Amino acid sequence: MTMQRRQFLGTMAAAGAVLGAPAVFGQAKPRVVVIGGGAGGATCARYIARDSEGAIDVILVEPSEVYYTCFFSNLYLGGFRDFESLGHRYDKLASDHGITLARDMAAGVDRDAGTVTLAGGEMLFYDRLVIAPGIDFADGSVPGWDLSKAEIMPHAYKAGPQTQLLKAQVEAMPEGGTFCMIAPPNPYRCPPGPYERISMVAHLLTQANPSAKILLVDPKEKYSKQGLFEEGWQRHYSGMITRIGPDFGGDKVEVRPEAMEVVIDGEVERVDVCNVIPGQRAGAIAEAAGVTDDTGWVPVNPHSMASRADPKVFVLGDASAQGDMPKSGFAANSQAKVAAMVIRAELSGSKAFPAKYSNTCWSLIATDDGVKVGASYEATDEKIASVDSFISQTGEDAALRKATYEESLGWYAGITADIFG
Amino acid sequence: MAGRGATCLALCLALAGAPGTTALRAAEIGDAERGAEIFGECSGCHEIGPEAENAIGPKLNGVFGRRAAAVDGFAYSKSLTRAGRDGLIWTLKTLDAYVANPRTFASGTRMSYPGLKDETDRADLLAFLRDYSDRPRDIPEAEPTARRSLPELPPDILALKGDPAYGEYLAGECQTCHRADGGDAGIPSITRWPEEDFVLAMHAYKQKLRPHPVMQMMAGRLAEEEIAALAAYFATLTE
């Protein structure tokens with residue numbers, strides 16, 4: 001453990017020695033390439049460009065013109081937001097902070113040469129690389145399902161057309177039909193996300209199709225905010241939701257998309273909509289860069305978010321394996337600011353400060369019934385460790401729940417401005 | 001058996017201790033007669049006593065032990081209403097902090113009173129207000145205890161000069177929720193506060209005088225210099 005701390009400090013000192021070089025010798029400005037324009041990548045790009053005031057070149061590699069946030073996409077499913085309200089453009093990152101937008105996929109990383117190759121063939125040199133690709137799905141996680149079946153059984157776990165497809169399917173369900181969700185095993189993006197989604201689908205069905213049923217097939221014994229969700233489901237959607245945990249075969253499930261069948265521990269259920277949220281791993285470019293371990297995630301230095309395999313490569317958000325923080329947009333945004341601070345210190349000699357991280361996840365259970373869970377974290381040599389936490393309580397009064405929901409709306413406005421400018 | 005013995009012991013101690021303790025505490029608040037004179041500063045807006053009605057400010061009968069913004073028929077500011085929803089209860093401790101500097105305690109309060117700076121004056125005023133709430137010497141279990149716990153900060157903490165560069169880094173954590181442009185829908189604005197107000201507000205969360213679990217957690221782990229650094233940064237934020 002002491003070794004790692006020394007390595008980290010050593011990196012900082014070494015970087016300090018190199019810092020003066022560009023100015024002294026009149027070389028090109030140092031360059032940071034950021035792969036992925038979500039909560040981690042876009043925040044990191046924005047903070048480096050904004051705070052270095054032009055001293056560092058920042059290139060953001062992101063194929064889409066409009067980014068749809070996965071956080072709050074459940075509220076669209078429940079009818080609380082329109083789809084457009086989830087979309088954010090990158091224009092301000094370019095116009096306000098001088099970030100170069102490369103509208104392309106990253107296809108490969110050569111860490112020895114310090115280059116990123118784009119799908120279109122262009123090659124970008126970097127002094128520091130930030131990889132923030134979010135998640136991809138683990139092969140074979142749910143037998144019978146792969147990405148080619150996502151048009152029949154959507155995952156809707158990367159916001160966009162998949163989210164719209166799932167909503168259309170729920171709206172088209174026959175009267176008294178069955179909505180099924182296959183929940184993912186740990187670790188996965190947004191721990192309360194599947195359960196907030198169940199709540200939102202129940203809200204929609206209660207209005208449009210009140211005799212419909214919801215079947216939640218879950219490989220996990222416990223899940224995030226469980227007591228709060230169960231209390232809310234009982235109160236708002238009594239009798240609609242059945243959860244099948246591992247004690248009843250929730251961990252032994254396969255799907256037959258063409259027949260719209262779900263097989264739970266040998267028993268065949270016919271369903272009308274099936275939302276398969278498979279097991280997950282770091283976005284594919286992380287593996288292509290050779291920084292993942294055999295769990296499929298990227299171990300990082302808790303003090304800096306630099307990859308354990310390469311101190312010049314920083315990995316943010318869902319893709320990283322950092323310790324106690326959940327995989328959330330809030331966490332990615334928080335990690336991005338630490339990485340931006342460290343990268344600026346290494347490349348332009350600005351002051352370095354101790355890493356601080358925090359997270360809060362709000363979930364909506366029904367109209368004006370919001371709950372939250374959160375924690376603050378510090379870096380130890382071993383991991384990002386939780387130091388304090390809080391969670392909404394069962395039995396809270398309606399005014400507090402409404403205030404919590406309104407707070408979440410304020411947070412969405414705040415974090416999206418913090419990410420996209 | 002051992003368990004029952006322990007429970008009995010604790011209960012007996014509590015019963016034995018209660019009356020004496022509360023009477024002692026009640027006597028500690030301050031000089032209520034002098035407080036009645038100081039209340040002259042408040043009586044332009046607040047009424048108190050058997051005939052009291054809501055006026056420019058809410059009536060103050062029974063304020064001790066009551067949830068903030070809970071008098072029926074009075075239109076409170078958004079910020080006090082929010083504090084009440086978050087669980088703020090008026091106790092000696094919280095009232096003292098509020099009266100000392102209302103705007104620092106609840107930014108956005110409509111109470112246009114600059115604050116009663118002198119600690120003894122506040123104690124006397126609160127002793128006077130206390131007479132119009134349930135009195136602990138009569139009702140042992142009544143709120144509040146008259147425990148003296150002032151949210152005062154030593155001058156050296158208020159005098160700390162924050163490092164704006166550190167503040168800029170730390171502020172990233174605030175700006176995930178609090179908007180840099182000062183927008184305040186759902187979550188209050190924190191930009192361009194006077195530094196001292198900012199420092200006092202953060203310490204009020206740190207000491208759990210202000211309610212709100214997220215802010216108590218965030219402030220709870222910030223060191224004094226870090227709060228000063230944030231205050232220095234947000235005071236000058238022009239975005």
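Residues numbered from 1 in each chain as written. Chains lettered and ligands numbered in written order. Predicted model: local features only at pLDDT ≥ 70, side-chain atom pairs only at ≥ 80, totals over all residues. Heavy atoms only, no water.

**Student:** What's the story with the overall build of chain A in this structure? I'm lost.
**Tutor:** Summing up its helical and strand segments, chain A has 11 helices and 24 strands in all. Counting all 421 residues of chain A, 58% fall into the buried class. In chain A, the proportion of contacts linking residues at least 24 apart, taken out of those at least 6 apart, comes to 68%. For chain A, the accessible area works out to roughly 16200 Å², and carbon and sulfur atoms hold 51% of it. (Helix = DSSP H or I, 4+ residues; strand = E, 2+ residues; numbered from the N terminus. Buried < 20%, exposed > 50% of the residue type's maximum accessible area, 1.4 Å probe, protein only. Contact = heavy atoms within 4.5 Å. Areas by Shrake-Rupley, 256 points an atom, 1.4 Å probe, with all protein chains shown as cover.)

**Student:** Before we go on, may I ask you to explain the overall build of chain B in this structure?
**Tutor:** Assigned secondary structure in chain B consists of 11 helices and 0 strands. Each helix and strand of chain B, ordered N terminal to C terminal, gives the series α-α-α-α-α-α-α-α-α-α-α. The burial tally for chain B puts 48% of its 239 residues in the buried class. Here the analysis covers contacts within chain B between residues at least 6 apart in sequence; of these, 62% occur between residues at least 24 apart.

**Student:** How should the interface of chain A and chain B be read in this particular structure?
**Tutor:** The extent of an interface is frequently quoted as the accessible surface area lost upon association of the parts. Counting residues at the interface gives 38 residues for chain A, matched by 26 residues for chain B. Interface of chain A and chain B: buried area, both sides summed, is about 2600 Å²; carbon and sulfur atoms make up 57% of it. For the chain A face of the interface with chain B, the top three residues by lost area are F353, K356 and F390 of chain A, together amounting to 23%. Linking chain A to chain B there are 2 salt bridges. Ionic pairing is found between K356 of chain A and E226 of chain B, a salt bridge with its closest N-O pair at 3.3 Å. Residue assignment for the side of chain A that touches chain B shows that the elements contributing at least two residues are α3 (41-52), α10 (329-348), β22 (356-366), β23 (369-379), β24 (384-391) and α11 (398-420) of chain A. Looking at side-chain class alone, the side of chain A that touches chain B contains 18 nonpolar, 8 polar and 12 charged residues. (Buried area = accessible area lost by both parts, 1.4 Å probe. Salt bridge = Lys/Arg side-chain N within 4 Å of Asp/Glu carboxyl O. Nonpolar A, V, L, I, M, F, W, Y, C, P; charged D, E, K, R; others polar.)

**Student:** I keep staring at the nonpolar core and nothing clicks. Help me out?
**Tutor:** In summary, soluble globular proteins display a tendency toward joint burial of nonpolar side chains. Counting residues in each nonpolar core, the largest one holds 157 residues, and the members touching the most others are F179, I182, W233, C274 and W411 of chain A. Of all the elements, α10 of chain A adds the most residues to this core, at 11 residues. Aside from chain neighbours lying at most four places away, what touches C274 of chain A is M153, P154, C180, I182, V255, M260 and V262 of chain A. Residues I38, W90, L92 and F128 of chain B belong to the second largest nonpolar core, which totals 32 residues. (Core = buried A, V, L, I, M, F, W, Y, C linked by side-chain atoms within 4.5 Å.)

**Student:** Any chance you could explain the pairing of strand β6 (residues 106-110) of chain A here in plain terms?
**Tutor:** The side chains of a regular strand alternate, residue by residue, between the two faces of the sheet. Residue and element names in this part refer to chain A. One ladder, built from 4 bridges, connects β6 with strand β7 (residues 115-118); its direction is antiparallel. Note on β7: the bridge partner recorded for V109 is V116. Hairpin geometry of β6 and β7 is characterised by an intervening segment of 4 residues between the two adjacent antiparallel strands and by a positive phi of about 70° at G114. (Pairing = 2+ DSSP bridges.)

**Student:** Just checking my understanding: could you explain the environment of F128 of chain B for this structure?
**Tutor:** Residues and elements named next belong to chain B. Topologically, F128 is positioned in helix α6 (residues 119-130). With 91 residues separating them along the chain, F128 and E37 place their C-alpha atoms 9.2 Å apart. Among residues more than four places away in sequence, those in contact with F128 are A32, G35, A36, F39 and I48.

**Student:** Any chance you could explain the sheet that holds strand β14 (residues 253-256) of chain A here in plain terms?
**Tutor:** Sheet strands pair via backbone hydrogen bonds, and the direction of the pair is either parallel or antiparallel. All names here are of chain A. A sheet is described by the order of its strands in space; here 3 strands give the open sequence β14-β15-β16, paired in antiparallel fashion. The sheet is open, and its two borders are formed by β14 and β16 (267-270), each paired with just one other strand. With strand direction ignored, the average angle separating the axes of adjacent strands in the sheet is 25°. Here 4 bridges tie strand β15 (residues 261-264) to β16, and the two strands are oriented antiparallel to one another. By the bridge assignment for β16, E261 is matched with R270. (Axes fitted to C-alpha atoms, helices over the stretch in contact; angles between N-to-C directions.)

**Student:** Just to check I follow, could you spell out unusual backbone geometry for this structure?
**Tutor:** Peptide bonds are trans in most cases, and residues, glycine excluded, mostly fall at negative phi. Here N186 of chain A and P187 of chain A are connected by a cis peptide whose omega angle stands at -10°. In this structure, P187 of chain A sits in the loop between β11 (178-182) and α7 (193-208). In this structure, A156 of chain A is a non-glycine residue whose phi angle is positive, near 50°. Residue A69 of chain B is not a glycine yet carries a positive backbone phi of 60°. Its location among the elements puts A69 of chain B in the loop between α2 (32-38) and α3 (78-85).

**Student:** Would you mind going over the confidence of the model for chain B with me for this structure?
**Tutor:** In regions of low pLDDT, the predicted coordinates are not meant to be interpreted in detail. Residue and element names in this part refer to chain B. Here chain B averages 79 in pLDDT, and 79% of its residues register 70 or above. Here helix α1 (residues 2-28) is the element of chain B with the lowest mean pLDDT, 38, and helix α8 (residues 164-174) is the one with the highest, 93. Within the model, the stretch residues 1-27 combines pLDDT values under 50 with 6 contacts to residues more than four positions away or in other chains. Note that residues 136-150 has pLDDT below 50 and, in this model, 34 contacts with residues that lie over four places away or in other chains. (pLDDT = per-residue confidence, 0-100.)

**Student:** Would you take a moment to explain the pairing of strand β17 (residues 273-276) of chain A for this structure?
**Tutor:** All names here are of chain A. Here β17 shows two buried faces, one formed by V273 and N275 and the other by C274 and V276. When β11 meets β17, the two strands line up parallel, connected through 4 bridges. Paired with F179 across the strands is V273, a residue of β17.

**Student:** Any chance you could explain the pattern of salt bridges here in plain terms?
**Tutor:** Two side chains bearing opposite charge may form a pair once their charged atoms approach each other closely. All names here are of chain A. If you walk through the whole model with that rule in mind, you get 33 salt bridges over all chains. Of the charged contacts, one joins D51 and R50 as a salt bridge, the two residues approaching to 2.8 Å between their closest N and O atoms. A relative accessible area of 15% places R50 in the buried class. We note a salt bridge from R128 to E346, for which the minimum N-O separation is 2.6 Å. Highlighted residues: R128 in strand β9 (residues 128-131) and E346 in helix α10, separated in sequence by 218 residues. Through salt bridges with shared partners, a single ionic network connects E231, R235, D369, E396 and R401.

**Student:** Explanation requested: the packing of aromatic side chains in the structure shown.
**Tutor:** Centre distance and the angle of the planes are the two values used to describe a pair of aromatic rings. Residues and elements named next belong to chain A. The full count for this structure, using the stated rule, is 25 aromatic pairs over all chains. Taken together, a centroid distance of 4.5 Å and an interplanar angle of 15° make the contact between F72 and Y412 stacked. One end of the pair, F72, is in the loop between β3 (66-68) and α4 (73-77); the other, Y412, is in helix α11, and 340 residues separate them in sequence. Each member of the pair F72 and Y412 is classed as buried. Ring geometry for F137 and W145: centres 6.0 Å apart, planes at 90°, overall edge-to-face. W145 shares its class with F137; the two are buried. (Phe/Tyr/Trp six-rings, centres within 6.5 Å; stacked < 30°, edge-to-face > 60°.)

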